[in-house]
Amino acid sequence: MAYKLLLLPGDGIGPEVMVQALSIIRWLQDHRDLDVELDKDLVGGASLAVHEVPIRDEVIEKAKEADAVLFGSVGDPKWKDVSFDRRPEVAILRLRKDLGLYANLRPVRLFDPLLSASALKPEVVKGLDLMIVRETVGGVYFGEPRGIETLPDGTRKGVNTEVYTTPEIERVARVAFEMARLRDGRVCSVEKCNVMESGLLWKEVVTDLHRRDYQDVELSHMLADNCAMQLVRAPRQFDVIVTGNLFGDILSDLASMLTGSLGMLPSATLGSDNGSGKRAALYEPIHGSAPDIAGKGIANPLAQILSLAMLLRYSLQRTGDADLIEMAVTRVLEDGLRTADIATKGEAMVSTEEMGQAVVKKMSELA
Ligand code: IPM
Ligand code: MG
């Protein structure tokens, strides 16, 4: 039976990089018997422009029915003055929340040919391979109370609340421990237990779960500010980092630059098994809509393409296809192809289209 895939390109560079991922899907259909039924819809500013909402209920329903969602990016300065609940970003936040996608896996891997594109010295980052597991449906992103109110004296107050419950912490920590078992067997749990009660509870729950079920994995704890510093000082000390929504958002952007570019990093966001063995899942590059370069044909499509590889690996169990894509990406980089974001001074640059098509061609050669 055909797998159902929902494509949500979104805003900015989203549609441009999605086109390249789509041509890889087409290639897999033609050459590797990939049996997928594709559907596509609008999200973010693109949806606001047509439907006056960042995402329609109908699209949420389609996403729930799909075997996996391949998401581009949302965010468009055109909508910066609309109320908070109508921002383009609401699309991704609602998808995460309504599909129960609580564990965002953000692998941070340095491709050897990009060693010189990293902001850090080669000896600090060579061989870097870590995974950030970010909680995505709780914390300060969703906690109540929230809002902006005007006080009696006419001044205003903005409020957001960091909230985590035991089950919310435990389920994401479980994902991190399971990931570590497939990797180097080490988890570092990150919070601010020195100033936040939610962080204190986080640390206690992770420690407790580790003692009960994961003693074979090595567990350490780190304060979030120190973690930011350690990621720049000696990033290879980490295997799996597990953290809350906001710290995960910030630390993953930081970590991405260790690899040379935000344009290189894919992610997978997973929910619970629905009982029938199907796990809700959404795959997206971490780079966002990059409105400054949108429409110029210069965006790096590799994060979107690598997100597709994660989709094939985790949702469709097509490990061979995922390996093939990742291998083709490595080879194309070895051949010296560079989009603007990963080119170092003097290097020739290729367009979004040229990079995407080079990956397709390399897949043909390697297959
Ligand atoms: C990310 C993005 C989103 C987030 C935005 C677009 C809402 O920055 O996926 O990291 O903050 O989670
Ligand atoms: Mg972010």
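Everything discussed here concerns the structure shown above.
A short tour of the structure in this document, coming up.

Definitions and cut-offs
Residues numbered from 1 in each chain as written. Chains lettered and ligands numbered in written order. Predicted model: local features only at pLDDT ≥ 70, side-chain atom pairs only at ≥ 80, totals over all residues. Heavy atoms only, no water. Near = heavy atom within 4 Å. Polar contact = N/O pair within 3.5 Å; in protein donor to acceptor, adjacent residues only side chain to side chain. Areas by Shrake-Rupley, 256 points an atom, 1.4 Å probe, with all protein chains shown as cover. Nonpolar A, V, L, I, M, F, W, Y, C, P; charged D, E, K, R; others polar. Helix = DSSP H or I, 4+ residues; strand = E, 2+ residues; numbered from the N terminus. Contact = heavy atoms within 4.5 Å. Salt bridge = Lys/Arg side-chain N within 4 Å of Asp/Glu carboxyl O.

## Observations concerning the site of ligand 1
Here comes step 1: By nearness alone, every residue bordering ligand 1 is listed as Glu89, Arg96, Arg106, Arg134, Tyr141 and Asp249.
Here comes step 2: Arginine 106 places a side-chain nitrogen or oxygen 2.9 Å from an oxygen atom of ligand 1.
Here comes step 3: Within the contact set of ligand 1, an oxygen atom lies 2.8 Å away from a side-chain nitrogen or oxygen of aspartate 249.
Here comes step 4: Taking 320 Å² as the accessible area of ligand 1 by itself, protein coverage stands at 77%.
Here comes step 5: For the shell around ligand 1, the residue count by class is one nonpolar, no polar and five charged.

## Some details on the environment of glutamate 218
Here comes step 1: Take glutamate 218: it is sitting in strand β9 (residues 218-223).
Here comes step 2: Linking glutamate 218 and aspartate 184, residues 34 residues apart in sequence, is a C-alpha distance of 9.3 Å.
Here comes step 3: If near-sequence neighbours (up to four positions away) are discounted, glutamate 218 is found in contact with Gly185, Arg186 and Val187.

## A closer look at the pattern of salt bridges
Here comes step 1: All told, the structure shown has 30 salt bridges when counted by the stated rule.
Here comes step 2: Between lysine 126 and aspartate 112 there is a salt bridge, with its nearest N and O atoms 3.6 Å apart. Taken together, the positions of lysine 126 in the loop between α5 (122-125) and β5 (129-135) and aspartate 112 in the loop between β4 (103-109) and α5 put the pair 14 residues apart, joining distant regions of the chain.
Here comes step 3: The closest approach of N and O atoms between lysine 362 and glutamate 365, which form a salt bridge, is 3.6 Å.

Remember, this is a structural readout, not a statement about activity or role.
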